[in-house]
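Summary of structural features
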Amino acid sequence: MSKTVISAKQIKKAYKDLEVLKGVDLTILEGEIISIVGASGAGKTTLLQILGTLDKPDYKTDTELVINTQSIKNLNDKSLAKFRNKNIGFIFQFHQLLPEFTALENVCIPAFIHNTPKAEAEKCAIELLDYLGLKDRIHHKPNSMSGGEQQRVAVARALINNPNIIFADEPSGNLDSESADQLHKLFFKLRDEFNQTFVIVTHNHDLAEMADRKLTMVDGKILG
Ligand SMILES: Nc1ncnc2c1ncn2[C@@H]1O[C@H](COP(=O)(O)OP(=O)(O)O)[C@@H](O)[C@H]1O
Ligand SMILES: [Mg+2]
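The following paragraphs examine the structure supplied in this document. In this text the structure is predicted, and so the values were computed from the model without any measurement.

**Examining the site of ligand 1**
Around ligand 1 sit Tyr15, Leu18, Val20, Ala39, Ser40, Gly41, Ala42, Gly43, Lys44, Thr45 and Thr46, and those are all the residues in its vicinity. Within the backbone of Gly43, one N or O atom sits 3.0 Å away from an oxygen atom of ligand 1. Burial of ligand 1 by the protein chains amounts to 58% of its free accessible area of 560 Å². Of all the secondary structure elements, the ones that give two or more residues to the shell around ligand 1 are β2 (18-29) and α1 (44-51).

**Points about the sheet that holds strand β6 (residues 88-91)**
Taken together, the six strands give an open sheet; going across it, the order is β6-β7-β8-β3-β9-β10, and neighbouring strands pair in mixed fashion. With partners counted over all chains shown, the strands left at the sheet margins are β6 and β10 (221-222), one partner each. As judged from the four bridges shared by β6 and strand β7 (residues 165-169), these two strands associate in the parallel manner. Note on β7: the bridge partner recorded for Phe90 is Phe167. The strands touched by helix α6 (residues 177-194) are β3 (33-37), β6 and β8 (197-201); relative to β8, the strand with the most contacts, the crossing angle is about 160°.

**Quick notes on the packing of aromatic side chains**
If you walk through the whole model with that rule in mind, you get four aromatic pairs. An angle of 55° between the planes, with centres 6.0 Å apart, marks the rings of Tyr131 and Phe194 as tilted. Pair noted here: Tyr131 is in helix α4 (residues 118-131) and Phe194 is in helix α6, with a separation of 63 residues, a long-range link. Residue Phe194 is classed as partly exposed on the basis of its relative accessible area, which comes to 47%. Between the aromatic rings of Phe187 and Phe198, the centroid separation amounts to 5.2 Å while the plane-to-plane angle is 35°, which identifies the pairing as tilted.

**Quick notes on the packing of helix α5 (residues 147-159) against α6**
Contact pair α5 / α6: the axes reach a minimum separation of 10 Å and the direction vectors enclose 20°. As far as their axial angle goes, α6 and α5 are roughly parallel. Helix-helix and strand crossings are classified by hand; for α5 and α6 the assignment is right-handed. Residue-level inspection shows Gly148, Gln151, Arg152, Val155 and Leu159 of α5 in contact with α6, the latter providing Ser179, Gln182, Leu183, Leu186, Phe187 and Leu190. Within the contact of α5 with α6, the residues separate by chemical class into six nonpolar, four polar and one charged.

**Here we look at the nonpolar core**
Membership of the largest hydrophobic core comes to 36 residues, with the highest contact counts inside it found for Leu129, Val153, Val155 and Phe187. Put simply, the parts of the chain that give this core at least two residues each are α3 (103-113), α4, α5, β7, α6 and β8. Sequence-distant contacts of Val153, that is, excluding residues within four places in its chain, are made with Leu97, Ala103, Asn106, Val107, Leu129, Leu134 and Met145. Counting 32 residues, the second-largest nonpolar core is a separate cluster that includes Ile50, Phe83, Ile88 and Phe167.

**Description of the side chain of Thr53**
For Thr53, the position within the fold is in the loop between α1 and β4 (64-67). Residue class for Thr53 comes out buried when judged on its relative accessible area of 2%. Look past the residues within four positions of Thr53 in its chain and what remains in contact with it is Ile67, Ile72, Leu80, Arg84 and Ile88.

**Observations concerning empty space enclosed by the protein**
Scanning the model with the defined rule gives one cavity of 30 Å³ or more in all. If you add up the space inside the largest cavity, you get close to 30 Å³. If you go around the largest cavity, the residues you meet are Thr45, Leu48, Gln49, Phe90, Ile91, Phe92 and Asp169. Contributions of two or more residues to the lining of the largest cavity are made by α1 and β6.

**A word on the sheet that holds strand β1 (residues 4-15)**
The strand order β2-β1-β4-β5 describes an open sheet built from four strands, whose pairing is antiparallel. At either margin of the open sheet sits one strand with a lone partner, and together these are β2 and β5 (70-71). This element, α1, spans β1, β2 and β4 of the sheet and lies at about 130° to β1.

Conventions and cut-offs
Residues numbered from 1 in each chain as written. Chains lettered and ligands numbered in written order. Predicted model: local features only at pLDDT ≥ 70, side-chain atom pairs only at ≥ 80, totals over all residues. Heavy atoms only, no water. Near = heavy atom within 4 Å. Polar contact = N/O pair within 3.5 Å; in protein donor to acceptor, adjacent residues only side chain to side chain. Areas by Shrake-Rupley, 256 points an atom, 1.4 Å probe, with all protein chains shown as cover. Helix = DSSP H or I, 4+ residues; strand = E, 2+ residues; numbered from the N terminus. Pairing = 2+ DSSP bridges. Contact = heavy atoms within 4.5 Å. Axes fitted to C-alpha atoms, helices over the stretch in contact; angles between N-to-C directions. Phe/Tyr/Trp six-rings, centres within 6.5 Å; stacked < 30°, edge-to-face > 60°. Buried < 20%, exposed > 50% of the residue type's maximum accessible area, 1.4 Å probe, protein only. Parallel < 35°, antiparallel > 145°, perpendicular 65-115°, else oblique. Left-handed = near helix turned anticlockwise from the far one by under 90°. Nonpolar A, V, L, I, M, F, W, Y, C, P; charged D, E, K, R; others polar. Core = buried A, V, L, I, M, F, W, Y, C linked by side-chain atoms within 4.5 Å. 1 Å grid on protein atoms, 1.4 Å probe; cavity = no way out; pocket = protein on both sides within 12 Å on 5 of 7 lines; lining within 4 Å. Points joined across faces, edges and corners; volume = space filled by probe spheres on them.

The structure is reproduced here in C-alpha coordinates:
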(Lines give C-alpha, C1' and ligand atoms only; values in the text may rest on other atoms or scores of the structure.)
(Ligands and ions follow the chains in the order given, each with its own letter.)
Protein backbone atom coordinates (compact mmCIF):
# COMPACT_ATOMS: atom_id res chain seq x y z
CA MET A 1 0.00 0.00 0.00
CA SER A 2 1.19 3.52 -0.73
CA LYS A 3 2.26 5.60 2.19
CA THR A 4 0.62 8.85 3.16
CA VAL A 5 2.78 11.86 2.31
CA ILE A 6 0.37 14.60 3.38
CA SER A 7 -2.24 14.44 6.07
CA ALA A 8 -4.15 17.69 6.58
CA LYS A 9 -7.07 18.12 8.92
CA GLN A 10 -9.23 21.15 9.49
CA ILE A 11 -6.95 23.57 7.67
CA LYS A 12 -8.35 27.04 8.23
CA LYS A 13 -7.13 30.47 7.25
CA ALA A 14 -8.67 33.86 7.74
CA TYR A 15 -7.47 37.32 6.81
CA LYS A 16 -9.17 39.52 9.39
CA ASP A 17 -12.88 38.83 8.84
CA LEU A 18 -12.36 37.06 5.53
CA GLU A 19 -12.42 33.27 5.98
CA VAL A 20 -10.43 32.01 3.04
CA LEU A 21 -10.12 28.35 4.10
CA LYS A 22 -12.99 26.98 6.12
CA GLY A 23 -11.71 23.58 7.23
CA VAL A 24 -9.98 21.52 4.56
CA ASP A 25 -9.34 17.81 5.21
CA LEU A 26 -7.04 16.05 2.81
CA THR A 27 -4.93 12.91 2.63
CA ILE A 28 -2.47 12.47 -0.21
CA LEU A 29 -0.59 9.28 -0.98
CA GLU A 30 2.91 8.91 -2.37
CA GLY A 31 2.96 8.91 -6.15
CA GLU A 32 -0.48 10.45 -6.54
CA ILE A 33 -1.15 13.23 -9.01
CA ILE A 34 -3.86 15.45 -7.59
CA SER A 35 -5.45 18.32 -9.47
CA ILE A 36 -7.21 21.15 -7.68
CA VAL A 37 -9.73 23.19 -9.63
CA GLY A 38 -12.12 25.95 -8.70
CA ALA A 39 -13.09 29.53 -9.41
CA SER A 40 -10.72 32.40 -8.85
CA GLY A 41 -10.80 33.39 -5.17
CA ALA A 42 -11.89 29.92 -3.97
CA GLY A 43 -8.72 29.59 -1.88
CA LYS A 44 -6.63 27.29 -4.07
CA THR A 45 -3.37 29.23 -3.85
CA THR A 46 -3.79 29.75 -0.12
CA LEU A 47 -4.28 26.01 0.39
CA LEU A 48 -1.30 25.13 -1.78
CA GLN A 49 0.95 27.58 0.07
CA ILE A 50 -0.11 26.13 3.41
CA LEU A 51 0.32 22.50 2.31
CA GLY A 52 3.69 23.53 0.91
CA THR A 53 4.64 25.20 4.23
CA LEU A 54 5.19 28.60 2.61
CA ASP A 55 2.29 29.91 4.68
CA LYS A 56 0.86 28.83 8.02
CA PRO A 57 -2.72 27.81 8.76
CA ASP A 58 -4.58 29.30 11.70
CA TYR A 59 -3.88 26.52 14.17
CA LYS A 60 -7.06 25.48 16.00
CA THR A 61 -7.26 22.57 18.42
CA ASP A 62 -8.33 20.21 15.62
CA THR A 63 -5.87 21.44 12.98
CA GLU A 64 -3.25 18.98 11.82
CA LEU A 65 -0.64 19.18 9.09
CA VAL A 66 1.74 16.25 8.72
CA ILE A 67 4.09 15.98 5.78
CA ASN A 68 6.34 12.96 5.33
CA THR A 69 5.52 11.99 8.94
CA GLN A 70 6.71 15.40 10.22
CA SER A 71 4.20 17.51 12.12
CA ILE A 72 4.71 20.97 10.65
CA LYS A 73 3.35 22.82 13.65
CA ASN A 74 6.32 21.67 15.74
CA LEU A 75 8.99 23.16 13.50
CA ASN A 76 10.52 26.57 14.13
CA ASP A 77 11.17 28.79 11.11
CA LYS A 78 14.72 27.60 10.58
CA SER A 79 13.85 23.91 10.77
CA LEU A 80 10.86 24.54 8.56
CA ALA A 81 12.98 26.17 5.85
CA LYS A 82 15.35 23.20 5.97
CA PHE A 83 12.47 20.73 5.86
CA ARG A 84 10.90 22.52 2.88
CA ASN A 85 14.17 22.71 0.98
CA LYS A 86 14.61 18.94 1.24
CA ASN A 87 11.06 17.62 0.96
CA ILE A 88 9.12 20.02 -1.23
CA GLY A 89 9.43 21.49 -4.71
CA PHE A 90 7.41 24.40 -6.12
CA ILE A 91 6.43 25.36 -9.62
CA PHE A 92 4.60 28.66 -10.04
CA GLN A 93 2.55 30.13 -12.88
CA PHE A 94 5.27 32.63 -13.66
CA HIS A 95 8.51 30.73 -13.54
CA GLN A 96 10.13 33.14 -11.08
CA LEU A 97 13.59 32.37 -12.36
CA LEU A 98 16.23 34.93 -11.48
CA PRO A 99 16.82 36.93 -14.68
CA GLU A 100 20.51 37.63 -14.06
CA PHE A 101 21.37 33.94 -13.78
CA THR A 102 21.66 31.19 -16.38
CA ALA A 103 19.41 28.13 -16.44
CA LEU A 104 22.16 26.13 -14.77
CA GLU A 105 22.67 28.70 -12.01
CA ASN A 106 18.93 29.01 -11.36
CA VAL A 107 18.58 25.25 -11.01
CA CYS A 108 21.60 25.03 -8.67
CA ILE A 109 20.34 27.61 -6.15
CA PRO A 110 18.19 25.26 -4.01
CA ALA A 111 21.06 22.76 -3.97
CA PHE A 112 23.48 25.44 -2.75
CA ILE A 113 21.00 26.35 -0.01
CA HIS A 114 21.03 22.64 0.83
CA ASN A 115 24.86 22.87 1.12
CA THR A 116 25.47 20.55 -1.79
CA PRO A 117 29.04 21.05 -3.08
CA LYS A 118 29.18 23.14 -6.27
CA ALA A 119 30.53 20.40 -8.56
CA GLU A 120 27.91 17.92 -7.39
CA ALA A 121 25.07 20.44 -7.69
CA GLU A 122 26.13 21.39 -11.20
CA LYS A 123 26.45 17.78 -12.29
CA CYS A 124 22.97 17.03 -11.03
CA ALA A 125 21.53 20.23 -12.57
CA ILE A 126 23.06 19.41 -15.96
CA GLU A 127 21.62 15.89 -15.82
CA LEU A 128 18.20 17.27 -14.97
CA LEU A 129 18.29 19.95 -17.67
CA ASP A 130 19.38 17.29 -20.14
CA TYR A 131 16.55 15.01 -19.01
CA LEU A 132 14.10 17.87 -19.52
CA GLY A 133 15.31 18.47 -23.07
CA LEU A 134 17.26 21.63 -22.24
CA LYS A 135 20.80 20.50 -22.94
CA ASP A 136 21.32 23.37 -25.39
CA ARG A 137 19.92 25.96 -23.00
CA ILE A 138 22.11 25.33 -19.97
CA HIS A 139 24.02 28.61 -20.23
CA HIS A 140 21.09 30.71 -21.43
CA LYS A 141 19.40 33.30 -19.26
CA PRO A 142 15.62 33.12 -18.86
CA ASN A 143 14.84 35.98 -21.24
CA SER A 144 16.50 34.13 -24.13
CA MET A 145 14.31 31.06 -23.66
CA SER A 146 10.72 30.34 -24.67
CA GLY A 147 7.95 30.21 -22.07
CA GLY A 148 7.89 26.42 -22.21
CA GLU A 149 11.66 26.22 -21.77
CA GLN A 150 11.59 28.65 -18.86
CA GLN A 151 8.93 26.57 -17.17
CA ARG A 152 10.96 23.39 -17.65
CA VAL A 153 13.94 25.14 -16.03
CA ALA A 154 11.59 25.93 -13.15
CA VAL A 155 10.70 22.23 -13.00
CA ALA A 156 14.40 21.34 -12.85
CA ARG A 157 14.84 23.86 -10.04
CA ALA A 158 11.92 22.25 -8.18
CA LEU A 159 13.48 18.80 -8.59
CA ILE A 160 17.15 19.46 -7.83
CA ASN A 161 16.99 18.42 -4.17
CA ASN A 162 14.95 15.38 -5.09
CA PRO A 163 11.85 16.28 -3.07
CA ASN A 164 9.12 13.65 -2.99
CA ILE A 165 6.32 16.24 -3.19
CA ILE A 166 5.91 18.87 -5.88
CA PHE A 167 3.33 21.65 -5.69
CA ALA A 168 2.42 23.52 -8.84
CA ASP A 169 0.16 26.59 -8.96
CA GLU A 170 -1.26 27.02 -12.46
CA PRO A 171 2.04 25.85 -13.98
CA SER A 172 0.77 25.96 -17.55
CA GLY A 173 -1.37 29.07 -17.11
CA ASN A 174 1.06 31.13 -19.10
CA LEU A 175 1.94 28.60 -21.83
CA ASP A 176 0.64 27.91 -25.32
CA SER A 177 -1.31 24.66 -25.58
CA GLU A 178 1.54 22.62 -27.03
CA SER A 179 4.03 23.66 -24.34
CA ALA A 180 1.33 23.11 -21.72
CA ASP A 181 0.74 19.62 -23.04
CA GLN A 182 4.46 18.85 -22.93
CA LEU A 183 4.72 20.10 -19.36
CA HIS A 184 1.74 18.01 -18.24
CA LYS A 185 3.17 14.87 -19.85
CA LEU A 186 6.40 15.59 -18.01
CA PHE A 187 4.64 15.54 -14.64
CA PHE A 188 3.26 12.08 -15.38
CA LYS A 189 6.62 10.85 -16.66
CA LEU A 190 8.32 12.04 -13.48
CA ARG A 191 5.71 10.36 -11.34
CA ASP A 192 6.02 7.12 -13.28
CA GLU A 193 9.81 7.11 -13.11
CA PHE A 194 10.46 8.52 -9.65
CA ASN A 195 7.14 8.06 -7.81
CA GLN A 196 6.99 11.74 -6.95
CA THR A 197 3.72 13.18 -5.69
CA PHE A 198 2.19 16.13 -7.54
CA VAL A 199 -0.43 18.55 -6.25
CA ILE A 200 -1.40 20.83 -9.10
CA VAL A 201 -3.77 23.79 -9.13
CA THR A 202 -4.94 24.22 -12.68
CA HIS A 203 -7.53 25.76 -14.95
CA ASN A 204 -6.44 23.37 -17.70
CA HIS A 205 -9.29 20.95 -18.29
CA ASP A 206 -7.17 18.18 -19.82
CA LEU A 207 -4.67 18.21 -16.99
CA ALA A 208 -7.38 18.32 -14.34
CA GLU A 209 -9.04 15.27 -15.86
CA MET A 210 -5.78 13.34 -16.39
CA ALA A 211 -4.97 13.47 -12.68
CA ASP A 212 -5.54 10.45 -10.45
CA ARG A 213 -7.88 12.58 -8.38
CA LYS A 214 -9.52 15.91 -9.10
CA LEU A 215 -10.48 18.05 -6.14
CA THR A 216 -12.85 20.96 -6.56
CA MET A 217 -12.61 23.94 -4.25
CA VAL A 218 -15.60 26.15 -3.65
CA ASP A 219 -15.56 29.01 -1.24
CA GLY A 220 -12.76 27.77 1.01
CA LYS A 221 -13.74 24.12 1.09
CA ILE A 222 -13.13 20.99 -0.94
CA LEU A 223 -16.33 19.59 -2.39
CA GLY A 224 -17.35 16.01 -1.88
N1 LIG B 1 -2.47 37.87 2.02
C2 LIG B 1 -3.81 38.04 1.86
N3 LIG B 1 -4.46 39.01 2.53
C4 LIG B 1 -5.79 39.19 2.39
N5 LIG B 1 -6.57 38.42 1.60
C6 LIG B 1 -5.97 37.45 0.90
C7 LIG B 1 -4.57 37.19 0.99
N8 LIG B 1 -4.26 36.14 0.18
C9 LIG B 1 -5.43 35.77 -0.40
N10 LIG B 1 -6.45 36.54 0.04
C11 LIG B 1 -7.86 36.40 -0.37
O12 LIG B 1 -8.23 35.05 -0.17
C13 LIG B 1 -9.14 34.61 -1.16
C14 LIG B 1 -8.59 33.37 -1.81
O15 LIG B 1 -7.42 33.69 -2.52
P16 LIG B 1 -6.55 32.59 -3.30
O17 LIG B 1 -6.17 31.53 -2.35
O18 LIG B 1 -5.47 33.33 -3.99
O19 LIG B 1 -7.62 32.00 -4.33
P20 LIG B 1 -7.41 31.27 -5.72
O21 LIG B 1 -6.01 30.82 -5.83
O22 LIG B 1 -8.40 30.13 -5.66
O23 LIG B 1 -7.80 32.25 -6.77
C24 LIG B 1 -9.32 35.78 -2.10
O25 LIG B 1 -10.49 36.44 -1.74
C26 LIG B 1 -8.10 36.63 -1.84
O27 LIG B 1 -8.37 37.99 -2.10
MG1 LIG C 1 -4.51 31.20 -7.23
